[in-house]
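Fold and geometry: a report
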Amino acid sequence: MRFRHPDGSTVHLAYCTNVHPAETLDGVLAQLRDHCEPVRRRLGRDRLGIGLWLAKDAAHALDTDPAALRGLRAALDRRGLEVVTLNGFPYEGFGAEQVKYRVYRPDWADPERLDHTTALARVLTGLLPDDLTEGSVSTLPLGWRTTWTDARADAAHAALLTLAERLDALADLTGRSVRVGLEPEPGCIVETTGDALATLTAVGHPRIGVCVDTCHLATSFEDPQTALDALAAARVPVVKSQLSAALHAEHPHLPAVREALAAFDEPRFLHQTRTVGSTGRRNGTDDLGQALAGGALPDTTPWRAHFHVPLHAAPAAPLTSTLPVLKDALTRLVGGPHPLTRHLEVETYTWQALPPELRPRGRAQLADGIAAELALARDLLTDLGLKELP
């Protein structure tokens, strides 16, 4: 979906396909048929943006076989879909029964991460619509904190510099610019926008920036205005923003609240949980179950958990979502005289990890839910003065 910003630029809205597990190119093509096109039809649109997640095998097939890349591009056109952004965070196995810490491997100290991200950038130049020359790729925030060493930090920094050189060369070769954004996430080396600033100031290249995930921003209790102002002041580009909402518990000491939270403690994904005390100190656990076990996390102030809940359907009381944080972030991102980013991506990948009574029953209900999220995002954008384009 495309929108005209008051300054005349185009802002793109997509939804991320990591909600539809697929490891191969055939699986990606099936996603377009079974999920993405039905969502487009529900929205009554001739064209719908999707943020493709390409696992390593699918990315390799597209990067090494020009005919396969042309075939995917033709399938996108045929189904009324377009791609300006890729989710390069998960490497493989995102549809496995248990993902947890595996999603952070390989990290940016491993050569596989550089090679995979370079392949994604090359693929994206072949998928961009004919009238566009700018694409984006989001990637993991260096690595998970417990495995990090000074040597790994040096290797990651060198890899990002090499990536920047490759992106420059790719732009010279194709006439299309791809930028890559580190996506701050709780528990990682780059957990907050402040961490991102420190890393990216050292890298110092305009093709390497930040992907602002509003669920992660909220889980870390960052103020959107403060965080985004700091990025703008430092001239660190917001390559893209993932529009998502975290799980919020205002009174985690109450038994009814803990019972409600326990329904979201599931075995597939990691649900980092955070709270901020009266002194402003952030406390956290790696997973929601650890927080609920008692003693690991103070419960006198609100908790937020890294669980991407549907934008249009906040959990039932006594829980809620951080949709207000998303709205505040979006106002700063695109509500000013010029947008801080032109690539927006709804990313609720946890539909099938929701408590059983909230999960969609079949493809049709999932398509209904994704379409409802995109409709909400569309309304937020038009309320900020953007005009939806055909």
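Quick caveat: nothing in here was measured; it's all calculated off a predicted structure. (Residues numbered from 1 in each chain as written. Predicted model: local features only at pLDDT ≥ 70, side-chain atom pairs only at ≥ 80, totals over all residues. Heavy atoms only, no water.)

Let's shift gears to the sheet that holds strand β13 (residues 319-321). An order of β11-β10-β12-β9-β13 is seen for the five strands of this open sheet, with the pairing classed as antiparallel. One side of each edge strand has no neighbouring strand; the edge strands of this open sheet are β11 (282-285) and β13. For this sheet, the mean inter-axis angle between neighbouring strands, taken without regard to orientation, is 30°. (Pairing = 2+ DSSP bridges. Helix = DSSP H or I, 4+ residues; strand = E, 2+ residues; numbered from the N terminus. Axes fitted to C-alpha atoms, helices over the stretch in contact; angles between N-to-C directions.)

For the rest of this paragraph, the subject is helix α9 (residues 255-262). Within α9, burial applies to V257, R258, A260 and L261. Buried residues of α9, seen end-on, are gathered within an arc of 160° and therefore sit on one face of the element. In α9, the exposed residues that point more than 90 degrees away from the buried face are P255 and E259. The elements touched by buried residues of α9 are β9 (245-249), α10 (288-292), β12 (303-309) and β13. (Buried < 20%, exposed > 50% of the residue type's maximum accessible area, 1.4 Å probe, protein only. Arc of directions from axis to C-beta. Contact = heavy atoms within 4.5 Å.)

A separate point is the pairing of strand β5 (residues 134-139). Judged by how many residues are buried, β5 sits mostly within the fold: five of six residues are covered. Across three bridges, strand β4 (residues 81-87) lies against β5 in parallel orientation. In the strand pairing of β5, N87 is matched with S138. For the segment spanning β4, helix α4 (residues 111-127) and β5, crossover handedness is right-handed. In this structure, β5 lies alongside strand β6 (residues 177-182), joined through six bridges in parallel fashion. What sits directly across from G135, in β6, is V178. (Right-handed = clockwise from strand over helix to strand, strands pointing away.)

The interhelical angle for the contact between helix α2 (residues 56-64) and α4, taken along N-to-C directions, is 50°, at an axis separation of 9 Å. Of the possible angle classes, the one that applies to α2 and α4 is oblique. The handedness of the crossing between α2 and α4 is left-handed. Seen from α2, the contacting residues are K56, A59, L62 and D63; seen from α4, they are H116, A119, L120, R122 and V123. In the contact of α2 with α4, the residues fall into five nonpolar, one polar and three charged. (Parallel < 35°, antiparallel > 145°, perpendicular 65-115°, else oblique. Left-handed = near helix turned anticlockwise from the far one by under 90°. Nonpolar A, V, L, I, M, F, W, Y, C, P; charged D, E, K, R; others polar.)

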